[in-house]
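One letter stands for each residue in the lines below.
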Amino acid sequence: MKINKKFFNILSLMLVSTFMVGCNNQGDFKSKDEIKIGITLYRQDDVFISNISNNLEDIVKENESKYDSKILLQFVDAKGSTLNQGNQVDKFINQDYDIICVNLVDRTAAATIIDKAKSADIPVIFFNREPVEEDMNRWDKIYYVGSQAEQSARLQADIVAEKWLSNVELYDKNKDGKIQYVMLEGEQGHQDSLIRTEYCIKALNDKGIELEKLADDSANWQSDQAITKMSQWIKEFGDNIEVVFSNNDSMALGTIHAINSNSDLIRKPIIVGVDGIKEALEAIKSGQMDGTVINDAYGQAKALFEISMAVSNGDPVENINGIEKGKYKKLPHTKITIDNVDEYLKE
Ligand code: GAL
Ligand code: CA
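Residues numbered from 1 in each chain as written. Chains lettered and ligands numbered in written order. Predicted model: local features only at pLDDT ≥ 70, side-chain atom pairs only at ≥ 80, totals over all residues. Heavy atoms only, no water.

A word on the sheet that holds strand β11 (residues 328-331)
For step 1, the next point in the chain: Read across the open sheet, the six strands follow the order β2-β1-β3-β4-β5-β11; overall the sheet is parallel. Lying at the two open borders of the sheet, with one neighbouring strand each, are β2 (70-77) and β11. Averaged over all pairs of adjacent strands, the angle between their axes in this sheet comes to 15 degrees, without regard to strand direction.
For step 2, the next point in the chain: Judged from the three bridges that link them, strand β3 (residues 99-102) and strand β4 (residues 124-127) form a sheet pairing that is parallel. Residue pairing in the sheet places Cys101 in a bridge with Ile125 of β4.
For step 3, the next point in the chain: Sitting on the sheet, helix α12 (residues 297-313) touches β1 (34-41), β2, β3, β4, β5 (142-147) and β11, and the angle it makes with β5 is about 165 degrees. (Pairing = 2+ DSSP bridges. Helix = DSSP H or I, 4+ residues; strand = E, 2+ residues; numbered from the N terminus. Axes fitted to C-alpha atoms, helices over the stretch in contact; angles between N-to-C directions. Contact = heavy atoms within 4.5 Å.)

Okay, structure coming up:
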């Protein structure tokens, strides 16, 4: 009996320790063998956003073998709803994701997400839709990846100025020495819409070019909405439109569609966009569009990847090239016209 009891004690000790080792292994396994990155997108059908997603997938495929851990990417589409996005973040938190990347539906509504992530101690990288500074300062494990909006506006202005000055006779349709323009804006309140709209005009004024606004309105970054707006403006202003500024390429392409399919014949105005999506580069190549400014989807995806890996390996984010204030990475743009479009169409 005594021996049996002793044997039983030893056995249970062994069982307990095996169980404990199992737990430890499992714990280590989870943090070391797999890094789970959850990404919620404001709208998956946004062309530029889907470029960032595709680039991120490629970057992970190319680089995974350099790390000890497997990397899991999980993309979800908030479909323009803050409620959906909140639920998606909750799910990532409940499923113990290591990093959450958030392309905010509403950039003024970051606080709730930050507070939830903070209490679960899961770092958040916002991208493309920048939270206000006050929210960015709520916690030291939040980051932002985006682009240098003012630069995109100034480069867009450069394209217009060069084109205009190359043949004022031709482009100044009413010969008044000023640019009559319409402006297609992105979503209201989006940092890129606000800054691009303001600074492209300011930059042209700085160059001594006078402008007169015929109309401006938001088409929410979308081609369809731009077709509707532009068709309206063609009816209203006809051939008086000398320049179409578009906060992004999708809307610029909508403009071209409206001009091509409109029966009230107008002579093509100067048309410029931002992003450098493939269709826009093709439109530049074929002479339908005058220029765009590349919004670096690859660079932004790479920054998301680098910050994610640094944070999950416990490396300092400050060491990443181009990081500002320890949490911001804003990528520069490149100007594209007929002169250099071939170089970028090849890629
Ligand atoms: C901008 C981009 C737009 C649109 C928007 C979405 O930076 O130029 O095309 O994708 O982000 O937030
Ligand atoms: Ca004019």
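Now, onward.
Some details on the coordination of the calcium ion (ligand 2)
Metal coordination angles in their ideal form are 109.5 degrees for the four-donor tetrahedron and 90 or 180 degrees for the six-donor octahedron.
For step 1, the next point in the chain: With distances of 2.3 to 2.5 Å, the protein atoms coordinating the calcium ion (ligand 2) are Asp172 (OD), Asn174 (OD1), Asp176 (OD), Lys178 (O), Gln180 (OE1), Glu242 (OE) and Glu242 (OE).
For step 2, the next point in the chain: Each donor residue of the calcium ion (ligand 2) lies on one chain, and together they are spaced D-x1-N-x1-D-x1-K-x1-Q-x61-E.
For step 3, the next point in the chain: For Asp172, a relative accessible area of 3% puts it in the buried group. (Donors = N, O, S within 2.8 Å, 3.2 Å for Na, K, Ca; no water. Buried < 20%, exposed > 50% of the residue type's maximum accessible area, 1.4 Å probe, protein only.)

Quick word on the sheet that holds strand β9 (residues 270-272)
For step 1, the next point in the chain: Spatial ordering of the open sheet is given by β7-β6-β8-β9, a layout of four strands whose pairing is parallel. A strand with exactly one partner marks an edge of an open sheet, and here the two such strands are β7 (211-218) and β9. Taken pair by pair, the neighbouring strands of this sheet meet at an average axis angle of 15 degrees, ignoring direction.
For step 2, the next point in the chain: Where strand β6 (residues 179-185) meets strand β8 (residues 243-246), four bridges bridge the pair, whose relative direction is parallel. Across the sheet, Leu184 pairs through a bridge with Ser246, a residue of β8.
For step 3, the next point in the chain: Of the strands in this sheet, β6, β7 and β8 are in contact with helix α8 (residues 191-206), which crosses β6 at around 160 degrees.
For step 4, the next point in the chain: With respect to the sheet, helix α10 (residues 249-260) is in contact with β6, β8 and β9, its orientation differing from that of β9 by roughly 150 degrees.

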